[in-house]
Amino acid sequence: MSDSTVSIVIPTYNEKDNVTALVERLGKALAGRKYEIVFVDDNSKDGTAEAARAMAAKYPVRVIVRTTERGLASAVVHGFHNTTGDIIGVIDADLQHPPEVVADLVKAIENGADLAIGSRYVKGGGCEGWSLTRRIISKGAIFLSHLFLGKTRGIHDPMAGFFMLRRCVITYLIPFSQ
Ligand SMILES: Nc1nc2c(ncn2[C@@H]2O[C@H](COP(=O)(O)OP(=O)(O)OP(=O)(O)O)[C@@H](O)[C@H]2O)c(=O)[nH]1
Ligand SMILES: [Mg+2]
């Protein structure tokens, strides 16, 4: 599966200052692989979409701007529908999720996992020196549960999501017919 294409979905709302560094760091993490980066921007007023589009000159970046719908979870699902990769990932744009870890998550999928989840920083803690397994904790899972299991949506959570999965995992859950 090492020849697989990786699609990274990035939901954005007012992230102009972060998208350039994010794409550069993802580009390094995924160097030598086939990949695409799909931004789903909800009509940010700070020029996020333009800054992301500017990266398309040098990186495999596409930018989708939604004007009639808003919201993180639906932006991610919208992104999923606009990917082509066998491995699909989601990362926040605000650099709270280290883009370098994407390489580890891809490897976990290539080594047989259906889903690889990275946690982001924990307040008062930190994850320096932690093993990847230790870092793989609940936040991404909570995000996924909100996405796919409507009844969990009432639970208050920042809805952070940093994960990667095999395409077949979501084709099972979300019909891709559009
Ligand atoms: N398309 C889209 N993206 C969003 C929306 N809200 C947040 N985002 C993006 O989703 C990602 C996560 O949002 P954050 O605001 O960082 O959420 P968080 O990490 O839980 O909260 P903070 O601790 O404040 O950073 C970021 O890339 C945001 O730009 C939205 O309504 N639409
Ligand atoms: Mg954040």
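The structure we're discussing is the one just above.
Residues numbered from 1 in each chain as written. Chains lettered and ligands numbered in written order. Predicted model: local features only at pLDDT ≥ 70, side-chain atom pairs only at ≥ 80, totals over all residues. Heavy atoms only, no water.

Draft legend 1. View of the nonpolar core. The biggest cluster of nonpolar side chains holds 29 residues, and the ones touching the most others in it are Ile8, Ile10, Ile37, Phe39, Val102 and Met164. For this core, the element with the highest residue contribution is helix H4 (residues 101-110), accounting for five residues. Here Val102 is in contact with Ile8, Leu26, Leu30, Ile91, Phe162 and Met164, once residues within four sequence places are set aside. Counting 13 residues, the second-largest nonpolar core is a separate cluster that includes Ala75, Phe80, Ile117 and Phe163. (Core = buried A, V, L, I, M, F, W, Y, C linked by side-chain atoms within 4.5 Å. Buried < 20%, exposed > 50% of the residue type's maximum accessible area, 1.4 Å probe, protein only. Helix = DSSP H or I, 4+ residues; strand = E, 2+ residues; numbered from the N terminus. Contact = heavy atoms within 4.5 Å.)

Draft legend 2. The coordination of the magnesium ion (ligand 2), seen in detail. Bound to the magnesium ion (ligand 2) on the protein side are Asp94 (OD) and Gln96 (OE1), at distances that span 2.0 to 2.2 Å. You can call Asp94 partly exposed: its relative accessible area is 28%. (Donors = N, O, S within 2.8 Å, 3.2 Å for Na, K, Ca; no water.)

Draft legend 3. Structural context of the environment of Gly27. Summarising the element assignment, Gly27 is placed in helix H1 (residues 16-29). Classification of Gly27 by relative accessible area gives buried; the value is 11%. For the pair Gly27 and Glu100, spaced 73 residues apart in the sequence, the C-alpha separation amounts to 9.4 Å. When sequence neighbours within four positions are dropped, the list of residues in contact with Gly27 reads Tyr35 and Tyr59.

Draft legend 4. Quick look at the pattern of salt bridges. Applying the stated rule across the entire model yields six salt bridges. One salt bridge connects Glu110 with Arg33, and the closest N-O pair in it is separated by 2.7 Å. One end of the pair, Glu110, is in helix H4; the other, Arg33, is in the loop between H1 and strand E2 (34-41), with 77 residues separating them in the sequence. For Arg33, a relative accessible area of 23% translates into the label partly exposed. (Salt bridge = Lys/Arg side-chain N within 4 Å of Asp/Glu carboxyl O.)

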